[in-house]
Amino acid sequence: MTNLQVIDVTCEYRKNPLGIDVKQPRISWRIQSDTRGTMQIAYRYQVALTEDGFEQPLWDTDYTKSDQSIHIVYNGPELASGTRYYYRVKVWDNFGHESEWSDVSWWETALFEESEWKAEWITPNPAELAPLTKPIFLLRKQFELKENIASARVYATGVGLYELYVNGERVGDELLAPGWTSYSKRIQYQTYDVTAQLCGNANVIGVMLADGWYKGDLTWEDKRHLYGDKRAVLLQMHVRYTDGTEEVVVTDTTWKAATGPILYSELYHGETYDARLEKDGWSNADFNDADWQSTVISQLSIGKLVAQENSPTRVTETIHPVSVFVTPDGDTVLDMGQNMVGRIRMTVNAPEGTKIVLRHAEVLDKEGNIYFGNLRSAKQTVEYITKGEGVETYAPHFTFQGFRYVKVEGYPGQEDGLSLEHFVGEVIHSDMQPIGEFECSDPMVNQLQRNIVWGQRGNFVDVPTDCPQRDERLGWTGDAQVFIRTALFNYQGGQFFTKWLRDLEADQLPNGGVPFVVPNVINGDSSAAWGDAAVICPWTVYLCYGDTRLLEEQYGSMKAWVEYIRAQGDNEYAWNTGFHFGDWLGLDSKEDSYFGATPNELVATAYYAYSTQLLRDAARVLGKTEDAAMYGELLEKIKQYFADEFLTPLGRLAVSTQTAHVLALMFDLVDGKRKERVAHDLNELVLENDYHLTTGFVGTPYLCFALSNNGYHETAVKLLLQDTYPSWLYSVTKGATTIWEHWDGIKPDGSFWSDDMNSYNHYAYGAIGDWMYRVIAGLDMDETVPAYKRIRIQPTIGGRELTHVRAAHDSMYGKITSAWNITHEEVTVEVEIPANTTAEILLPNADLQDVKEGSATLTALEGVASLQETEAGVSFVIGSGSYRFVYPNKRGLNPVFSRDTKVIDLLAVEKTATVLEAHFPGISNPHGVLASLRTQSLQKLIEHPMSHSTEDKLDAVLKELNALEWELETVEK
């Protein structure tokens, strides 16, 4: 009996998906083994029509030599609609072991063809029930079924939002169905298993139907009816009997309609519910609907019907208020303790007609009063009117709020104090699987990580919104692309971005331009760094999850975007025309401006180069050799234009903003000595600003990467740990539990930045998480082999500030962990590598003879390959397993110093100043003198660490020294 097992088998990212319309679904699995270095060498994959039908499978790969265990494409007989397929997997490893079969899993198809839909879109008869009415529609259909029901499936969708009921019970737990898509091009439908809710006699299907994104209020311009002005539902139920016959129930004009207790429900504004108007039992067979209105066929301009693609939106967690208090203005306010997105579920026992009002907000003002100003026109108000028949429980249906605080009005007895047990917060977002972890020795950084995660949860509500509270909540492309790598580390977002990217392609303009928001509901398109989401997002999904199918599917959209840029202006190698957001909200902007100081042409041309590079790389992956060559040549010409336009003859960047330097470094627009110069200057810009950033949406995600990757990691760490404005931790000092839109959303004196645009849940700046995971924790991948098939563990260890760090990521292959701990005496690095992968490890500042794993030296450790000692430390390759490496800490708790920050003591500075006094006359090797002084000084620092105050006093001298070094280089040239 081997310990080799196949676990976590999934189809299209999901366990047992119900209702997919993928004709060749992809299967993935993980391997569990206690043996280090386990690799898959072959697999066998079977598909059957019944759970016990594998003796005569529908398809069998037989023994297939391959180490691939993700996205294995089904290549068997053509699949049928509405059918469940069972499958199982076994593998063989490099040690000669054969696993048992995995547990049997399944997928079930939905409806592949439009012609299979027999239902009609229906809506209440407008002559009897006004189509523009605010109250939510109730629709019902009563029908008879025979006994011996084997299975029943409902395929349903609606415009705007719907909830499904069968025989008095709510079906499923999905919220805000069918989700928000580019309705004129494509609309999702959902599949429900209702077998257990039906009976062999009279039955009823009921639907509640609201405006939602389809026809409700959208955008700050108070637009309505953006996709249509009539609510409608489309539903088809297939009932199969044990004798093999089938019966179909569809939406048609035999359905009846009415309004009910929900008088009003809007995504931005909230819901009004009058329990006195409830129609008890309205979805039961014994309900009398004689006074209900008729329905009619609705002719809609709706796009292609597609099965549910994204993870459904659900309640994923409940949290209880931590306190209730009365503000100076006399308001009774609940504090949830967390800025959350979702709704309040309330329990009340009150006389008939009691009206309770809940108003939701994110923060308190400096006087301690609840603050609604940043909501703009969004009301975020829920009103409930009691029926008065005992205990009543209510939560709104077709809306969500972004809030931490809730103002309560009208609750019985609230003047004597509210009981917290009557209120619970239900957290709502796309139900993605959490797969990332990060923690370290700094509590504030740990809070920052929690804020990043909560920001993602609150803004991934079917689409990646910018904010969840004000009158906006739109799928801004720029926000999505800067955050996507962080997002895909923390949550399994394969389904989420597959759905959203298909809408991006659907809304892409005929000329290749990309709207500012997707789905597209505002005027405006094709800003650099925003439209580049068309390229960056599919490439990032490919990197993180190995999804070549999505990359292939989006390739036309990616190419169209780059060609759109190339067609702009009179120079195909630059982008110097059109509107751009630039470095949005950059702190170096002019007063009263949202636009950072970095020129639009520099930002646009830099992103032009980046998207072209990624398009070239995608072409290589997909085997499009001609495109790869063409875009490789285009990339080189864009880079040359960038150098000609933005670099001085001596290699200095002509634009002196942090963001300009960051983009030049991160997008490989400079190399060699010029790269060193630009990196040096970026570091100086940060030092000159006293370790504070000035970057906006474009520069911030890459700032710490640009520093760490170019020898200035200490500066990057100081930026992370900075807690005065502007910094990531400043908001933490102000009690933030999510990421803010503005660095100073709440100013040091407690006042607010502005009512106009001041979200306290805006995930973009949370992109710092990507650097925390990949650089500080060192959990990364070799990007030539996607999805962490070849892992890179390269932690950046050291500093008095951080003494331990741990990150973990549940990859497609299994859990990866990188953790380190440092004391005065030793360094410990712990790693976990999943089966069927390998890892390249770098232990920084280690000597080969000192490293131990358990009781073994590295040279004696079984399975180690490519072992070598380098200037940076010890590097090697290992296979799967858990490892604990220990080696002496020869640096103590001193930081790993950057190239030229605080590595010279006062004596050395005096000597250097003397040497440099006359521009090096008579010195044959001034660089050697400098190098020698630096070496001596570094050794003195290791032996006698400086205090922080002494370090700070050196800043001015060091800046002068660095300037003279560059001057020396210029003179020599």
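Bear in mind the structure is a predicted one, so any value in this text is a computation, not a measurement.

A. How the structure looks around the overall build of the protein. Summing up its helical and strand segments, the protein has 18 helices and 47 strands in all. Against the compact-globule benchmark of 30 Å for 973 residues, the protein has a radius of gyration of 31 Å, which places it among compact chains. In terms of overall dimensions, the protein has a C-alpha envelope of 105 × 75 × 60 Å along the principal axes. Considering the protein as a whole, with its 973 residues, one finds that 62% of them fall into the buried category. A separation of at least 24 residues holds for 76% of the contacts in the protein among residues at least 6 apart in sequence. Working note: accessible area of the protein is about 35,500 Å², and carbon and sulfur atoms make up 47% of it. Each charge class in the protein can be summarised by its mean position, and for the 84 positive and 138 negative side chains these summaries are 2 Å apart.

B. Spotlight on the nonpolar core. Of all hydrophobic cores here, the largest spans 232 residues; its most connected members are Trp 500, Tyr 607, Trp 771, Met 772 and Phe 885. Examining the composition of this core, we find that 12 residues originate from one element, helix 7 (residues 600–621), more than from any other. The contacts of Met 772, once residues within four sequence positions are left out, are Phe 438, Val 445, Leu 448, Gln 449, Ile 452, Leu 720 and Ala 777. With 28 residues, the next largest nonpolar core counts Leu 139, Ala 156, Tyr 162 and Trp 255 among its residues.

C. Up close: the sheet that holds strand 37 (residues 779–781). An order of 37-38-42-46-45 is seen for the five strands of this open sheet, with the pairing classed as mixed. What marks the edges here is a single partner per strand, and that holds for strand 37 and strand 45 (865–869). Strand-to-strand twist of the sheet, defined as the mean angle between neighbouring strand axes without regard to direction, takes the value 15 degrees. Examined bridge by bridge, strand 45 and strand 46 (residues 873–878) share three bridges and lie antiparallel to one another. Among the inter-strand pairings, Gln 868 is bridged to a residue of strand 46, identified as Ser 875.

D. Looking closely at the sheet that holds strand 7 (residues 72–73). Here we have three strands laid out as an open sheet, ordered 1-3-7, and antiparallel in their pairing. Strands with a single pairing partner mark the edges of an open sheet, and in this sheet they are strand 1 (5–11) and strand 7. Alignment of strand 3 (residues 26–32) against strand 7, held across two bridges, turns out to be antiparallel. Within strand 7, the residue paired with Ile 27 across the bridge is Ile 72.

E. Spotlight on helix 9 (residues 658–666). Of all the nine residues making up helix 9, eight are buried; the element is thus mostly covered by neighbouring parts of the structure. When we look at burial in helix 9, the residues that qualify are Gln 658, Thr 659, Ala 660, His 661, Val 662, Leu 663, Ala 664 and Leu 665. Tucked inside the fold, the buried residues of helix 9 contact helix 7, helix 8 (625–646), helix 10 (672–688) and helix 11 (700–708). Just downstream of helix 9, Asp 668 is the residue with a positive phi angle, here 55 degrees.

F. Representation of the pairing of strand 4 (residues 40–48) in the model. Counting buried residues along strand 4, seven of its nine residues qualify, which places the element largely inside the surrounding structure. Sheet topology places strand 4 next to strand 8 (residues 84–93); eight bridges connect them, and they run antiparallel. The residue of strand 8 that forms the bridge with Ala 42 is Trp 92. Pairing geometry for strand 4 and strand 6 (residues 64–65), over two bridges, is antiparallel. Across the sheet, residue Tyr 43 finds its bridge partner in strand 6, namely Thr 64. Across two bridges, strand 4 lies against strand 5 (residues 59–60) in antiparallel orientation. Its bridge partner being in strand 5, Gln 46 is matched across the sheet by Asp 60.

G. Focus on unusual backbone geometry. The residue after Val 159, namely Gly 160, is reached through a cis peptide bond having omega -10 degrees. The residue Gly 160 is located in the loop between strand 12 (149–159) and strand 13 (161–166) in this model. For the bond from Ala 177 to Pro 178, the omega torsion is 10 degrees, close enough to zero to count as cis. Within the secondary structure, Pro 178 is located in the loop between strand 14 (169–170) and strand 15 (186–193). The phi torsion at Asp 8 lies on the positive side, around 50 degrees, for a residue other than glycine. For Asp 8, the position within the fold is in strand 1. For Asn 148, which is not a glycine, the phi torsion comes out positive at approximately 60 degrees. Looking at the secondary structure, you find Asn 148 in the loop between strand 11 (137–144) and strand 12.

H. View of the side chain of Gln 190. Its location among the elements puts Gln 190 in strand 15. For Gln 190, the side chain forms a polar contact with the side chain of Tyr 162, separated by 2.7 Å.

I. Structural detail: the side chain of Arg 14. The residue Arg 14 is located in the loop between strand 1 and strand 2 (18–20) in this model. Within the buried set, Arg 14 has no salt-bridge partner at all; the shortest N-O distance to an opposite charge, 5.9 Å, is to Glu 12. Apart from the residues lying within four places of it in its own chain, the contact partners of Arg 14 are Ile 20, Gln 308, Glu 309 and Gln 495.

J. Representation of the pairing of strand 40 (residues 815–822). For strand 40, the buried fraction is high: six of the eight residues fall into the buried class. Pairing analysis gives seven bridges linking strand 39 (residues 804–810) to strand 40, with the strands arranged antiparallel. Considered in strand 40, the bridge of His 809 is made with Ile 816. Hairpin connection from strand 39 to strand 40: four residues lie between these consecutive antiparallel strands, with Gly 814 at a positive phi of about 140 degrees. Pairing of strand 40 with strand 41 (residues 826–833) involves six bridges; the strand directions are antiparallel. If you follow Asn 821 over to strand 41, its bridge partner there is Thr 828. Between the end of strand 40 and the start of strand 41, which pair antiparallel, lie three residues.

K. A look at the packing of aromatic side chains. Counted under the stated rule, the structure contains 61 aromatic pairs. Between Tyr 183 and Tyr 214, the ring centres sit 5.5 Å apart and the planes meet at 75 degrees, which makes this aromatic pair edge-to-face. Of the two residues, Tyr 183 is situated in the loop between strand 14 and strand 15 and Tyr 214 in helix 1 (residues 212–215); the sequence distance between them amounts to 31 residues. On the basis of relative accessibility, which here comes to 1%, the residue Tyr 183 falls in the buried class. Look at Phe 460 and Tyr 763: their rings are 5.7 Å apart centre to centre, the planes differ by 70 degrees, and that puts the pair in the edge-to-face class. One end of the pair, Phe 460, is in strand 35 (residues 460–461); the other, Tyr 763, is in the loop between helix 13 (728–733) and helix 14 (768–776), with 303 residues separating them in the sequence. Under the relative-accessibility criterion, Phe 460 is labelled buried at 1%. Residue classification places Tyr 763 among the buried residues on the basis of a relative accessible area of 1%. An aromatic cluster is defined as three or more aromatic residues linked by ring pairs; in this entry it consists of Trp 476, Phe 516, Trp 530, Phe 579, Phe 581, Trp 584, Tyr 594, Phe 595 and Trp 753. The ring of Trp 292 has Arg 140 lying over it, and the distance from NZ or CZ to the ring centre is 6.0 Å. Above the ring of Tyr 241, the side-chain terminus of Lys 146 is found at 4.6 Å from the ring centroid.

L. Summary view of the environment of Pro 434. Take Pro 434: it is sitting in the loop between strand 33 (423–430) and strand 34 (436–440). Pro 434 sits 376 residues away from Asp 810 along the chain, and the two C-alpha atoms are 8.4 Å apart. If near-sequence neighbours (up to four positions away) are discounted, Pro 434 is found in contact with Asn 490 and Tyr 491.

M. Spotlight on the confidence of the model for the protein. Summing up the model confidence of the protein, the mean pLDDT is 92 and the portion of residues at 70 or higher is 91%. Across residues 913–920, confidence stays below pLDDT 50; counting only partners more than four residues off in sequence or on other chains, it has 10 contacts. Low pLDDT, under 50, characterises residues 937–957; the predicted model gives this stretch 36 contacts beyond four residues in sequence or across chains.

N. Structural detail: helix 11. For helix 11, the tally of buried residues reaches nine of nine residues, placing the bulk of the element in the interior. Within helix 11, the full set of buried residues consists of Thr 700, Pro 701, Tyr 702, Leu 703, Cys 704, Phe 705, Ala 706, Leu 707 and Ser 708.

O. Structural detail: the environment of Gln 568. When you line up the elements, Gln 568 lands in the loop between helix 6 (548–566) and helix 7. Look past the residues within four positions of Gln 568 in its chain and what remains in contact with it is Ala 574, Trp 575 and Thr 577.

P. The packing of helix 6 against helix 7, seen in detail. Taken N-terminus to C-terminus, the directions of helix 6 and helix 7 make an angle of 145 degrees; their axes are 10 Å apart at the nearest point. Handedness of the helix 6/helix 7 crossing: left-handed. Residues Thr 548, Leu 551, Tyr 555, Met 558, Lys 559, Trp 561, Val 562, Ile 565 and Arg 566 of helix 6 pack against Tyr 608, Ser 611, Thr 612, Leu 615, Ala 618, Ala 619 and Val 621 of helix 7. Its residues assigned to classes, the contact of helix 6 with helix 7 shows 11 nonpolar, three polar and two charged.

Rules used in this analysis
Residues numbered from 1 in each chain as written. Predicted model: local features only at pLDDT ≥ 70, side-chain atom pairs only at ≥ 80, totals over all residues. Heavy atoms only, no water. Helix = DSSP H or I, 4+ residues; strand = E, 2+ residues; numbered from the N terminus. Rg over C-alpha atoms; globule rule 2.2 N^0.38 Å. Buried < 20%, exposed > 50% of the residue type's maximum accessible area, 1.4 Å probe, protein only. Contact = heavy atoms within 4.5 Å. Areas by Shrake-Rupley, 256 points an atom, 1.4 Å probe, with all protein chains shown as cover. Lys, Arg positive; Asp, Glu negative; His and termini not counted. Charge placed at Lys NZ, Arg CZ, Asp CG, Glu CD. Core = buried A, V, L, I, M, F, W, Y, C linked by side-chain atoms within 4.5 Å. Pairing = 2+ DSSP bridges. Axes fitted to C-alpha atoms, helices over the stretch in contact; angles between N-to-C directions. Polar contact = N/O pair within 3.5 Å; in protein donor to acceptor, adjacent residues only side chain to side chain. Salt bridge = Lys/Arg side-chain N within 4 Å of Asp/Glu carboxyl O. Phe/Tyr/Trp six-rings, centres within 6.5 Å; stacked < 30°, edge-to-face > 60°. Lys NZ or Arg CZ within 6 Å of the ring centre and 35° of its normal. pLDDT = per-residue confidence, 0-100. Left-handed = near helix turned anticlockwise from the far one by under 90°. Nonpolar A, V, L, I, M, F, W, Y, C, P; charged D, E, K, R; others polar.

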